[in-house]
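# Architecture and fold: a report
Chain by chain, the residues:
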Amino acid sequence: MEDISLNIHNLKKKYDDKPIINNLSITINFNRKITLITGMNGSGKSTLAKIIAGIILPDEGTLQISNHTNFSKWTKRTTYYLSSAERGMFYKLNSRQNIEYLTSLKGTNKNDVLKKLSNYCEKLNCKDILEMSAEKLSTGQKKKVFILSALCSNCQLLLLDEPTNGLDDESFYAFIEILAKLRLEKKIVLISHDKRFLDMPNIERIIFEKNGEIYWEGC
Ligand SMILES: Nc1ncnc2c1ncn2[C@@H]1O[C@H](COP(=O)(O)OP(=O)(O)OP(=O)(O)O)[C@@H](O)[C@H]1O
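Okay, so let's go over this structure.

Definitions and limits used
- Residues numbered from 1 in each chain as written.
- Predicted model: local features only at pLDDT ≥ 70, side-chain atom pairs only at ≥ 80, totals over all residues.
- Heavy atoms only, no water.
- Helix = DSSP H or I, 4+ residues; strand = E, 2+ residues; numbered from the N terminus.
- Rg over C-alpha atoms; globule rule 2.2 N^0.38 Å.
- Buried < 20%, exposed > 50% of the residue type's maximum accessible area, 1.4 Å probe, protein only.
- Contact = heavy atoms within 4.5 Å.
- Areas by Shrake-Rupley, 256 points an atom, 1.4 Å probe, with all protein chains shown as cover.
- Lys, Arg positive; Asp, Glu negative; His and termini not counted.
- Charge placed at Lys NZ, Arg CZ, Asp CG, Glu CD.
- Salt bridge = Lys/Arg side-chain N within 4 Å of Asp/Glu carboxyl O.
- Pairing = 2+ DSSP bridges.
- Axes fitted to C-alpha atoms, helices over the stretch in contact; angles between N-to-C directions.

### A word on the overall build of the protein chain
Looking only at helices and strands, one finds 6 helices and 9 strands in the protein chain. Against the compact-globule benchmark of 17 Å for 219 residues, the protein chain has a radius of gyration of 17 Å, which places it among compact chains. Counting only C-alpha atoms, the protein chain reaches 45 × 35 × 35 Å along its principal axes. Here the protein chain holds 219 residues, and 48% of them are scored as buried. Of all intrachain contacts in the protein chain linking residues separated by at least 6 positions in sequence, the fraction that spans at least 24 positions is 70%. Accessible surface computed for the protein chain: about 10900 Å², of which carbon and sulfur atoms make up 47%. Each charge class in the protein chain was averaged separately, 32 positive and 26 negative side chains, and the resulting centres sit 4 Å apart.

Rendered as structure tokens:
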């Protein structure tokens, strides 16, 4: 695994003249740990994740990944952003076809996806949803389709925004076990209010307060 760090320097973002991220500077040295971003509602966590993923642009500031000169090119190719408000699914296709489509957007080879898919489905106890048409899925089952797409993609950096909303307890702990292994292969940033993540070993925590200011870091 490539040893990289993410350097964010003097980042600023406003919406309608309201500062959301205010001069944020932080370095995330993944070091095979999972980065957990927690904090108040509206403090700017998803905004930061979208900036890292290249979905929105900051007003000011820079983002750099060590050894890569062109951050936006790097992030478009290697970052998978699982949005908390994920809705983009083709309801006439089944779950497997949706997963194949979503991972193809990141250039992941279909055979590589299928190899990983059955293993992750077994762990998340959801083999039965693969051939189900997406319009018949429950909320938690839909969430699993998005989680599976992130897990099966070939992306190096996974930005998982509230990935466990809607998961039952058993699936939550199965997901934690998957992440605990996956952190050795990929860089993982979790954005979550779920306090159960704090019991995970190998977690670095970043807490946001209002206006995107960090008041505590490390765990
Ligand atoms: N497209 C937008 N236009 C205007 N304001 C926005 C937009 N997106 C987010 N905001 C505002 O920016 C602030 C930060 O939103 P963001 O979604 O980053 O917060 P968050 O920390 O992820 O919150 P939560 O914990 O509730 O998910 C909020 O006040 C929100 O209303």
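### Section: the pattern of salt bridges
Considering all chains together, one arrives at 11 salt bridges under this definition. Notably, a salt bridge pairs Asp 59 with Lys 13, separated by 3.9 Å at the nearest N-O pair. Taken together, the residues Asp 59 in the loop between α1 (45-53) and β4 (60-65) and Lys 13 in strand β1 (residues 5-15) connect sequence positions 46 residues apart. Using a relative accessible area of 43% as the deciding quantity, one classes Asp 59 as partly exposed. With relative accessibility at 11%, the residue Lys 13 sits in the buried group.

### What about the sheet that holds β4?
An order of β2-β1-β4 is seen for the 3 strands of this open sheet, with the pairing classed as antiparallel. A single partner strand is all that each edge strand has here, and the edge strands are β2 (18-29) and β4. Across the sheet, the axes of successive neighbouring strands diverge by a mean angle of 15°, strand direction being ignored. Both β1 and β2 contribute to a ladder of 9 bridges, which runs antiparallel. Note that in β2 the partner of Tyr 15 across the bridge is Lys 18. Docked against the sheet, α1 engages β1, β2 and β4, running at close to 120° with respect to β1.

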